[in-house]
Amino acid sequence: MKLYCLSGHPTLPCNVLKFKSTTIMLDCGLDMNSTLNFLPLPLVQSPRLSNLPGWSLKDGNAFLDKTELIDLSTVDVILISNYHCMMALPYITEHTGFTGTVYATEPSVQIGRLLMEELVNFIERVPKAQSASLWKNKDIQRLLPSPLKDAVEVSTWRRCYTMQEVNSALSKIQLVGYSQKIELFGAVQVTPLSSGYALGSSNWIIQSHYEKVSYVSGSSLLTTHPQPMDQASLKNSDVLILTGLTQIPTANPDSMVGEFCSNLALTVRNGGNVLVPCYPSGVIYDLLECLYQYIDSAGLSSIPFYFISPVANSSLEFSQIFAEWLCHNKQTKVYLPEPPFPHAELIQTNKLKHYPSIHGDFSNDFRQPCVVFTGHPSLRFGDVVHFMELWGKSSLNTVIFTEPDFSYLEALAPYQPLAMKCIYCPIDTRLNFIQVSKLLKEVQPLHVVCPEQYTQPPPAQSHRIDLMIDCQPPAMSYRRAEVLALPFKRRYEKIEIMPELADSLVPMEIKPGVSLATVSAVLHTKDNKHILQPPPRPAQPTGGKKRKRASDDIPDCKVLKPLLSGSIPVEQFVQTLEKHGFSDIKVEDTAKGHIVLLQEAETLIQIEEDSTHIICDNDEMLRVRLRDLVLKFLQKF
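Residues numbered from 1 in each chain as written. Predicted model: local features only at pLDDT ≥ 70, side-chain atom pairs only at ≥ 80, totals over all residues. Heavy atoms only, no water.

**Looking at the overall build of the chain**
Of the regular secondary structure elements, the chain holds 17 helices and 31 strands. Relative to the compact-globule value of 26 Å for 637 residues, the chain shows a C-alpha radius of gyration of 35 Å, a clear excess of over 25%. Dimensions of the chain, computed from the C-alpha atoms along their principal axes, are close to 115 × 55 × 55 Å. Looking at the chain as a whole, 49% of its 637 residues are labelled buried. Nonlocal contacts in the chain, meaning residues at least 24 apart in sequence, comprise 69% of its contacts between residues at least 6 apart. Taking the average location of the 57 positive side-chain charges in the chain and that of its 65 negative ones, the two points are 3 Å from each other. (Helix = DSSP H or I, 4+ residues; strand = E, 2+ residues; numbered from the N terminus. Rg over C-alpha atoms; globule rule 2.2 N^0.38 Å. Buried < 20%, exposed > 50% of the residue type's maximum accessible area, 1.4 Å probe, protein only. Contact = heavy atoms within 4.5 Å. Lys, Arg positive; Asp, Glu negative; His and termini not counted. Charge placed at Lys NZ, Arg CZ, Asp CG, Glu CD.)

**Section: the nonpolar core**
Core analysis: the largest hydrophobic core is formed by 109 residues, its most contacted members being Met-25, Ile-78, Tyr-161, Phe-373 and Met-388. Non-local contacts of Tyr-161, meaning those with residues more than four positions away in its chain, are made with Leu-30, Met-87, Pro-90, Tyr-91, Met-116, Leu-119, Val-120, Glu-124 and Val-166. With 26 residues, the next largest nonpolar core counts Val-77, Tyr-103, Val-176 and Ile-241 among its residues. (Core = buried A, V, L, I, M, F, W, Y, C linked by side-chain atoms within 4.5 Å.)

**Some points on the pairing of strand β5 (residues 101-105)**
Within β5, four of the five residues are buried, which leaves it mostly tucked inside the rest of the structure. With three bridges connecting them, strand β4 (residues 77-79) and β5 associate as parallel partners. Each bridged residue has a counterpart across the sheet, and for Leu-79 the counterpart in β5 is Tyr-103. Traced from β4 through helix α2 (residues 89-95) to β5, the parallel crossover comes out right-handed. (Pairing = 2+ DSSP bridges. Right-handed = clockwise from strand over helix to strand, strands pointing away.)

**So, the sheet that holds strand β16 (residues 398-401)**
For sheets, the rule is that strands pair by backbone hydrogen bonds, running either parallel or antiparallel. If you walk across this open sheet you meet the six strands as β14-β13-β15-β12-β16-β17, and the pairing is parallel. With one partner strand each, in any of the chains shown, β14 (352-355) and β17 (421-424) form the two edges of the open sheet. Strand-to-strand twist of the sheet, defined as the mean angle between neighbouring strand axes without regard to direction, takes the value 20°. The strands touched by helix α8 (residues 312-321) are β13 (305-308) and β14; relative to β14, the strand with the most contacts, the crossing angle is about 125°. (Axes fitted to C-alpha atoms, helices over the stretch in contact; angles between N-to-C directions.)

**Overview of the environment of Asp-383**
For Asp-383, the location among the structural elements is in the loop between β15 (371-374) and α12 (384-391). In this structure Asp-383 comes out as buried when scored by relative accessible area, which is 0%. With 106 residues separating them along the chain, Asp-383 and Pro-277 place their C-alpha atoms 9.3 Å apart. Contacts of Asp-383, omitting those with residues within four sequence positions, involve Leu-43, Phe-122, Arg-125, Ile-308, Pro-356, Ser-357, Ile-358, Thr-374 and Gly-375.

**Structural notes on the packing of aromatic side chains**
Following the criterion strictly, the structure yields 17 aromatic pairs and no others. Geometrically, the ring pair formed by Phe-122 and Phe-381 is tilted, given 6.3 Å between the ring centres and 50° between the ring planes. Highlighted residues: Phe-122 in helix α3 (residues 106-124) and Phe-381 in the loop between β15 and α12, separated in sequence by 259 residues. Of the two residues examined, Phe-122 and Phe-381, each falls in the buried class. Aromatic side chains Tyr-408 and Tyr-424 sit 4.6 Å apart centroid to centroid with 15° between the ring planes, which places their arrangement in the stacked category. With a gap of 16 residues between them, Tyr-408 in helix α13 (residues 408-412) and Tyr-424 in strand β17 connect regions that are remote in the sequence. For Tyr-408, a relative accessible area of 24% gives the class partly exposed. We note Lys-330 situated over the ring of Phe-341; from NZ or CZ to the ring centre the distance is 4.8 Å. (Phe/Tyr/Trp six-rings, centres within 6.5 Å; stacked < 30°, edge-to-face > 60°. Lys NZ or Arg CZ within 6 Å of the ring centre and 35° of its normal.)

None of the figures reported here should be taken as evidence of function without further support.
Structure (structure tokens):
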């Protein structure tokens, strides 16, 4: 069993597991931090951005870091844990020769589609007159400033996919539900479990009859809008692959939400605007719910909230219809009937308005001060670029970063000098190291495998040994472009036996509770399922009549030798030899057993743990006589 690590980003994983003749890709996250090396793509031509230093690159479409570690056309299935971890799917399904099946829950697929659609829309609506590619030449790249000159394999970076490629990729997905068991070629069975992190987010169990691997990615024990995490099903794992932990282990999500609300209220009370760069799904649902409870008490009921995204309407609607994927409290509301999320009431009362872009209706409805939720969190494309340019010059305004995927300081770099206030309130509900330690003690896997980053403290906080995985035995770590041999070997295989063959067996008890029986059969293997069948009867001769022989009734005409079991007690064996007329017997101990020497008969008997040898000179009658004495101490079956 081997694990191939194709991603260096632990919260955007892409691993390939080879297990029992199947090749399984675990997630295909898309690390878009490379976009921070590029200039923003404004909707309206920006003289300020155009006049930034010439070395800054303006070709903002390169995202994918391709690997040659494994031939992706050999991947049989792809298991998706959540919608953030499927953003590279079109690159794999459309450009590698992949012909397998992708498994994901319905919310992951639908919200993943929205994220991809938004990304494609943001990129395609700002066409570029020219594209830069010469910089990827190694001789030119080494002359560029960091981090571009240190970037790995830039020649393999790819442009953003198209909606045609997105639709084609999504057509290869087979929808699954929690606890649904899916057979893969008869070799292994995979089962998605609720991970508690996002709508439809899953951990996966990959198991055969005798081995069990758990894949835990992007999980949460906090009480938010998704179904709670299923921990019980993770018990008794031989290997637990752990990834997708919180990116901000020192930040408490509840306190971050409190800071978000208080900073937002302070800004709008002072007449300023608040910009929240965000994804169109996920944390935004929880933020809107908190604001729903907060705005009246904070005196913000007259402040408009705008959600701007090409998929804003779809996102808000999807969150209300995936009732079976929500936590119990929100499921209960659906049957009252009430909308599970309070943003439905915010929309009805016109406190929250959503628009596909800043053009059209938004231009007519826009009034300040206000709060705007829009993408992209990298500040490199999307409507957020327009608002950064519009509001950046006033210290009354505030930008609040809630998504932890990007360094907010690097995201802000092209907009400096910046007068608006910047608040960093990263909200990451995924497991922290304290929760992981508790989880591992409860489920007790034999082995834990995780990214290298989790086995040592963060570089900036090298003294914080509490910010790393602590388990026994110590976790095995992997890094990007590494192949890891997982630490257990398969020992058993399940074989079914046909009823008629089982009926012919005659077990013999060799010790209390243990019985053995000999069997002569044909092993039939198909689709990784093994069946013992009765051997075929020999073909009957054609032609004239022939006298029937007794051996014709035996399935295999070969006479089977009986199997022997047991051990030979040397002292009793010597006594038996003496009773049968043998004398001058000498016994020697050896490393493997004993040698019984019959000096008068010039014969040697070697008694070992798993064999007995009778050595005599051309005296077949003597050998047979000694053999029969040996067999008296052994069981036949």
